[in-house]
Amino acid sequence: MFSEFFQLLPIPKDYLQGSYDLHLVILSYMVALCASYIALDLTGRLRDISNTPSSNLLWLLGGSVAMGSGIWAMHFIGMLSFTIPGISLRYDLFWTGLSLVVAIVASCFALYLLQSTIIRIEHYIAGGIILGLAIASMHYTGMEAMLISLNFRYLPSLFFLSILIAIVASEAALWLALKSNQVVLRLRNRIKFISAAIMGVAICGMHYTGMAASIFTSLCVPSAITSSIDKALDPTYLSIGVASVTFAILGIAFLASSYKEALNHQQLEKARQLGMAEISASVLHNVGNVLNSVNVSANSVAEKVSFSKLDGLEKLSALFNENKPNLAEFIQSARGAKALDFLNMLAQYWREEQSLVAKEMVRLDKNLALIREIISTQQELSKIASFEQIISINELLDEALLITGISLKREIKLEKHYGKISPLQIDKIKLLQVLVNLLQNARDAVLVSSKQDKMIVITSATVNAYKVRIEISDNGIGILPKDLTKIFSYGFTTKKLGHGFGLHTSALAINALGGEIHVESAGVEKGATFILDIPFHHIKSK
């Protein structure tokens, strides 16, 4: 059985050697490059957290056809580039079609694996192995489609090497697909192109290693087949035709993906404007709250001043002036003793009044400083353009708390568990708007909850050398299990007066930063936790 498939005996002396058309080899690599780029691009669309289940299914099916046909076309053109002098090659339609189906199914499996928000390492490794075996199966199924005047067997060493290359290439493809969508938006296309170039080399390497494993020997060709071989299509024209159709399919997929990306950018820009408007509204609201405290302090001081015992001091002064000629005798008299007691009482009263006024003035100064800080933060944000800058995550969290006014809410207990995080380089405005939106949602969730002990917990930590995590938890009204999968969808909201825009655009913003966002909740009245994973861009020391 194995002797019919593998070349176990020494290579026969009459084995046939073929050659490759360099132009078609280059064309096959270009197809692999484009298919790899589209696969990486579609991974981003599938991992778009704002997708609905129906749109996710459409992206999965369409992406599988585009990616599968691209990989299959590379292999088919690669086989068409191979020629043996004096022999024309033909391909059985059934086996050729079956190899295409295998490619599409393998692509569907890969994209289905990559659409998950969190991929465990064992699933990642198993997925690469299964995808590699599927791609190898596609190649060798396509080889079975060759109806030629040849017999061929495979060299075991190169055969298994080609499968190993397919598995390693698949593992690399899965890793590159994930990483190319976890970088900032401005670097994403550059990383995708470099990754696609590497994946294209790996795919072609697997194919041409598999072809090198084939040992061809002659068979007698029936006259019927010989006459049909004479009428076979020119491999060059057939390759160009296959490549043209493939490029058309990949082009459609690319246009659809680009259109979705453009919509995301448009919504992100709207979100930026809406976020700035909401921040401004929050600033005005918080300034108004602080001004109420300023007004209370000012009224308290005014009340004390207006009811001050200054008139008593005036009467005491008039009494002393009246008895100025015999002041010593007056002081020693009973009336003079009462005047001194009254003077001591006035001193005690003014001492208490001074202490109270001093406290109110300190409170007034603190509130005025808070107003200046809130307005200063707003003015700073209005001046910042959309670019990356060096920030402190913990300081940015404090700014978001200041803007949302959570620290001013006495009925909300706030806990901050800040880890030691080095400064990082990121788009401050995008991240701040996300934090403000999540904190506002947490504030609203606890305020409408029936619980008495309303609490918000903020945690920040460095996960590893490349990732920072922020968790915002509350013990508010929680989220229904059925709503967890659509909480980031456009237009979906659990608030009575919500617009369904905040969380959707927060997801888009985090994606543009190269990060990820997901939510956890045990159910109604059990609170919720929003988790942000942000890429850590190291700052090079000068």
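Summarised in this report is the structure supplied together with it. Computed from a predicted model, the values in this text were never measured in an experiment.

## Let's talk about the overall build of the protein chain
Then step 1. What the protein chain contains, in helices and strands, is 15 helices and 13 strands.
Then step 2. With 542 residues in all, the protein chain has 46% of them scored as buried.
Then step 3. Partitioning the contacts of the protein chain with sequence separation of at least 6, the portion at a separation of at least 24 is 83%.
Then step 4. When the accessible surface of the protein chain is summed, it comes to about 28100 Å², and 64% of that surface belongs to carbon and sulfur atoms.

## Observations regarding the pattern of salt bridges
Then step 1. Per the stated rule, a full pass over the model turns up six salt bridges.
Then step 2. Here Lys 416 and Asp 398 are joined by a salt bridge, their closest N and O atoms 3.0 Å apart. Placement of Lys 416 in strand 8 (residues 412-418) and of Asp 398 in helix 13 (residues 393-404) is noted, with a sequence separation of 18 residues between them.
Then step 3. Notably, a salt bridge pairs Arg 443 with Asp 444, separated by 3.3 Å at the nearest N-O pair.
Then step 4. Members of the salt-bridge network, linked through shared partners, are Lys 482, Asp 483 and Lys 486.

## Some remarks on the nonpolar core
Then step 1. One finds Tyr 91, Met 143 and Tyr 154 to be the most contacted residues of the largest nonpolar core, which totals 70 residues.
Then step 2. Going through the elements one at a time, helix 2 (22-46), helix 3 (53-80), helix 4 (93-114), helix 5 (121-144), strand 5 (150-154), helix 6 (156-179), helix 7 (185-212) and helix 9 (235-306) are the ones with two or more residues in this core.
Then step 3. Excluding anything up to four places from it in sequence, Met 143 contacts Met 79, Phe 152, Tyr 154, Met 211, Ser 214 and Phe 216.
Then step 4. Counting 41 residues, the second-largest nonpolar core is a separate cluster that includes Ala 507, Ala 509, Val 519 and Phe 536.

## A word on the packing of helix 3 against helix 5
Then step 1. Two elements in contact, helix 3 and helix 5, have axes whose closest approach is 11 Å; the angle formed by their N-to-C orientations is 40 degrees. When the interaxial angle is binned, helix 3 and helix 5 end up oblique. Crossing of helix 3 over helix 5 shows right-handed handedness. Residue-level contacts link Ile 71, Trp 72, His 75 and Met 79 of helix 3 to Ile 135, Met 138, His 139, Gly 142 and Met 143 of helix 5.

## Regarding the sheet that holds strand 13 (residues 528-535)
Pairing between sheet strands relies on hydrogen bonds along the backbone, with the strands arranged either parallel or antiparallel.
Then step 1. With mixed pairing, five strands are arranged side by side in an open sheet as 8-10-11-13-12. Every other strand in the sheet has two partners, leaving strand 8 and strand 12 (516-520) as the edge strands with one partner each. On average, adjacent strands in this sheet sit at an angle of 15 degrees to one another, irrespective of strand direction.
Then step 2. Relative to strand 13, strand 12 runs antiparallel, the two being bridged by five bridges. By the bridge assignment for strand 13, His 518 is matched with Ile 531.
Then step 3. Along the sheet, helix 14 (residues 428-447) makes contact with strand 8, strand 10 (454-464), strand 11 (467-474), strand 12 and strand 13, crossing strand 11 at roughly 20 degrees.

## Considerations on the environment of Gly 478
Then step 1. Mapped onto the secondary structure, Gly 478 falls in the loop between strand 11 and helix 15 (502-512).
Then step 2. The spatial distance from the C-alpha of Gly 478 to the C-alpha of Ala 522 is 7.3 Å, given a sequence separation of 44 residues.
Then step 3. Once residues lying within four places of it in the same chain are set aside, the contact partners of Gly 478 are Ser 521, Gly 523, Glu 525, Lys 526 and Gly 527.

## A short note on the pairing of strand 13
Then step 1. In terms of residue burial, strand 13 counts as a mostly covered element, since eight of its eight residues are buried.
Then step 2. What you see with strand 13 is no split at all: Ala 528, Phe 530, Leu 532 and Ile 534 on one side and Thr 529, Ile 531, Asp 533 and Pro 535 on the other are buried throughout.
Then step 3. In this sheet, strand 13 lies alongside strand 11 in antiparallel orientation, the contact comprising eight bridges. Its bridge partner lying in strand 13, Lys 467 is registered against Pro 535.

Conventions we followed
Residue indices begin from 1 for each chain and proceed along its sequence in written order. Totals for whole chains, interfaces and linings use every residue, but because this is a predicted model, local features are given only for residues with pLDDT of at least 70 and side-chain atom pairs only at 80 or more, for both listing and counting. Hydrogens and water are ignored here; the side-chain numbers use all heavy atoms of the structure. For helices the rule is a DSSP run of H or I covering at least 4 residues; for strands it is a run of E covering at least 2, with both sets numbered from the N terminus onward. Burial status follows relative accessibility: with a 1.4 Å probe on protein chains alone, a residue under 20% of its type maximum counts as buried, one over 50% as exposed, and anything between as partly exposed. Any pair of residues with heavy atoms lying within 4.5 Å of one another is described as a contacting pair. The Shrake-Rupley method, run with a 1.4 Å probe sphere, supplies the accessible areas, and residue values consider only the shown protein chains as cover. Counted as salt bridges are all cases of a side-chain nitrogen of Lys or Arg within 4 Å of a carboxyl oxygen of Asp or Glu. Side-chain atoms within 4.5 Å are what join buried Ala, Val, Leu, Ile, Met, Phe, Trp, Tyr and Cys residues into a set we call a nonpolar core. Simply put, an axis is a line fit to the C-alpha atoms, just over the touching stretch for a helix, and the angle between two N-to-C directions goes from 0 to 180 degrees. Orientation is classified from the angle alone, with under 35 degrees giving roughly parallel, over 145 giving roughly antiparallel, 65 to 115 giving roughly perpendicular, and any other angle giving oblique. Crossing handedness is defined as follows: a turn of the near helix away from the far one that is anticlockwise and smaller than a right angle gives a left-handed crossing, while the clockwise case is right-handed. For two strands to count as paired, DSSP must find a minimum of two bridges between them.

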